[in-house]
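Here are the chains, one letter per residue:
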Amino acid sequence: MTNRDNIPLEYTASANNILPQLVDRLRQLYGIIAQNTYVKDTAKHLNRIIQDANNQTMILIVGKERVGKTTLVNGLLGRSVLSVNDKNPTGVNTFLRYGEHEEVKAYFLDGVVAVFDMSKLELLTTGDTFASQILREHLDYLEVYLKNDLLKSVTIIDSVSLEAGGGEMAYFSESLINRVDEIFWVLRSGSKAINAEILLIETLKNKGVEPLCVINGIDTNDDPEAFMRAEKERIGQLMSDFVAISATNALEAQQSDNEELWHKSRYDNLIAQIHRVAANSDKKTYAILIRFLQWLERFRFELTVIPQRDPFQSAVENIEKYAGDTQFEFSRYQRDLAIVQEYEQEYELVANVFKKVQTLYQLLQTISQNDYLQDENVDSFTERAISYQQLLREYRNMHSEYMREYERLDAQHKKIHGKGLMKAIFGHHTQNEFFKDRVNKLNEQQVVCITQFNKVQEAEASMLQAVYSVQNYLMDLTKKRLGRIEQKVQELNQQRAKEKRQLKLYAEKLNEFSCLIEAQGYIKEVIQPFLMDDKLPLRAKDQEMLKETINNIMTIDLSRNGLLARSQMNNKMENKAIPFEMKEKYLLHTLALTETDVISNDIPEIPRKLNIQYNNE
């Protein structure tokens, strides 16, 4: 992606060992400066560097509207995880990470983190309801945790569309671009990159960043190769490489297990590029080091500004604005209410999950539709029940086949002899050998029916043995689910109460700007010697920039800025806990199926064996 691929090999040999040591020192620095809210954004950027150093390689999917970015990601995941909505494109940057438990974490602009089930993902990304619009207004980004092997090595970011118009440069979050290890720039086959995109790509090129150009939709273009050749000629010097794919084919191929369609999608090339990025750890180490050098320059600027202002007064003004702005607080309270309303809807669905379950079939359908009702114990019962239903269907088919053959043969016998098979005493009629042979075959079918009927009875007994205990177990799972919903509301209220306490603490401890003096000493005594080690993959010009920046940081004198704590601020923050009394409003519907509810009451009886008497006349 960047010219960092040209780092000399002798510098990169110890890169993997250097990164954990750097992270330990940056954590110490973050712990010092995080005490001061004046440099909160700078501390946040440092924390992101630390997180990115610990996280997997991050790949950013970029492009204008309707080029298929979200479908591309779904194709990589092998299922339609992210919602695709022609009217409402993806409205928030979405980080896809690996997780054993699939869920969505919503990070709001004011620091609140809410956990949602996967069923709420569409609401948060493309939903057009009033609640979804309120939530997205306050969202910073989403993290979606999925149990997907590809995400064990990389984090994929499905981004909002580029903002582009006229001949101006397209806009995209520079902070997000700086965080990622690789950019996949998506074009739709047949729709070339617009001027605004090219201007932005040129800006990235000047910073040493060369995206991978992914041309999507080759299945919709009569000559995708010609289009790619034309784009290579136009913008090839700005890109690291070109890959042509069909996200639609890839997704359909995985859902239908169609190897030919997968080959046509050319996704193997795209996945190979992802593995290439994930394997380049040396490049990531150097990128983290450069980002930290850039962060030091930002920190120097922050420290330079403090003596020129009244930091005490500035901090007080920010706190009073935060706490006294009733419109801001009202908007945030509405956001929290919207979150709780979604929790209430979920609570209602869970409380009534068994309300319409009256048969074994309905129970199995309900289990399959709700992942919180699924585990090894429930799967064991489900297998028994499905086996019982399958054996029963097979017995019905065998019985129907027997009866059709019997009725056909009985009708033939009546036509020839004037009476049915059960009344037959065969004489020397020329057709009797035919009937004897058919009767023997019917009796063979009757034996097969008996065997299958016995299997049905055994499966039914096994299923009935488990049905009562599994019902209690399913009710326990449901109660745990309801408890988890209540816990999430409690955690939200706890976050609100915590913010209240923090605001009071800010007013009492404005003198915490002294921690920045401690940070100056830590950077000089610990950070600088570590970064100047010859084993680090820093070039000479990087080291010169480091020394100059740290010297400038040390020349800033904060020791004479004595700060005194101020009396408690006029705190107007709304701190009422949002009520969530759902137990009485939505009574838990009990699952209480009986034996007659779960077994079939119309199983056909086993056919009687045909015992025909023969006349020897």
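A brief structural summary. (Residues numbered from 1 in each chain as written. Predicted model: local features only at pLDDT ≥ 70, side-chain atom pairs only at ≥ 80, totals over all residues. Heavy atoms only, no water.)

1. Concerning the packing of helix H4 (residues 69-77) against helix H12 (residues 267-279)
- Running from N to C, H4 and H12 cross one another at 85°; their axes reach a closest spacing of 11 Å. As far as their axial angle goes, H12 and H4 are roughly perpendicular. The segment H4 lies against H12, with Thr71, Leu72, Gly75 and Leu76 engaging Tyr267, Leu270, Ile271 and Ile274.
- Taken together, the residues that form the contact of H4 with H12 break down as six nonpolar, two polar and no charged. (Axes fitted to C-alpha atoms, helices over the stretch in contact; angles between N-to-C directions. Helix = DSSP H or I, 4+ residues; strand = E, 2+ residues; numbered from the N terminus. Parallel < 35°, antiparallel > 145°, perpendicular 65-115°, else oblique. Contact = heavy atoms within 4.5 Å. Nonpolar A, V, L, I, M, F, W, Y, C, P; charged D, E, K, R; others polar.)

2. Some words on the pattern of salt bridges
- Applying the stated criterion across every chain, the model contains 32 salt bridges.
- One salt bridge in this structure joins Lys64 and Glu197, with 3.1 Å as the shortest N-O distance. With Lys64 in the loop between strand S1 (57-62) and H4 and Glu197 in helix H8 (residues 195-206), this pair connects stretches of sequence that are 133 residues apart.
- A salt bridge links Arg438 to Asp437; the shortest N-O distance between them is 2.9 Å.
- The class of Arg438 is partly exposed, set by a relative accessible area of 23%.
- We classify Asp437 as partly exposed; its relative accessible area is 35%.
- Three or more residues joined by partner-sharing salt bridges are found here, namely Asp110, Arg335, Asp336 and Arg496. (Salt bridge = Lys/Arg side-chain N within 4 Å of Asp/Glu carboxyl O. Buried < 20%, exposed > 50% of the residue type's maximum accessible area, 1.4 Å probe, protein only.)

3. Remarks on helix H20 (residues 540-554)
- Compared with the 21 Å implied by 1.5 Å per residue over 15 residues, the 21 Å span of H20 between its first and last C-alpha is a close match.
- When we look at burial in H20, the residues that qualify are Asp542, Gln543, Leu546, Thr549, Ile550 and Ile553. Buried residues of H20 fall within an arc of 130° about the axis and therefore sit on the same side. What points out from H20, more than 90 degrees from its buried face, is the exposed set Ala540, Lys541 and Glu548.
- Along its buried surface, H20 packs onto helix H13 (281-305) and helix H19 (515-531). (Expected span 1.5 Å × (residues − 1). Arc of directions from axis to C-beta.)

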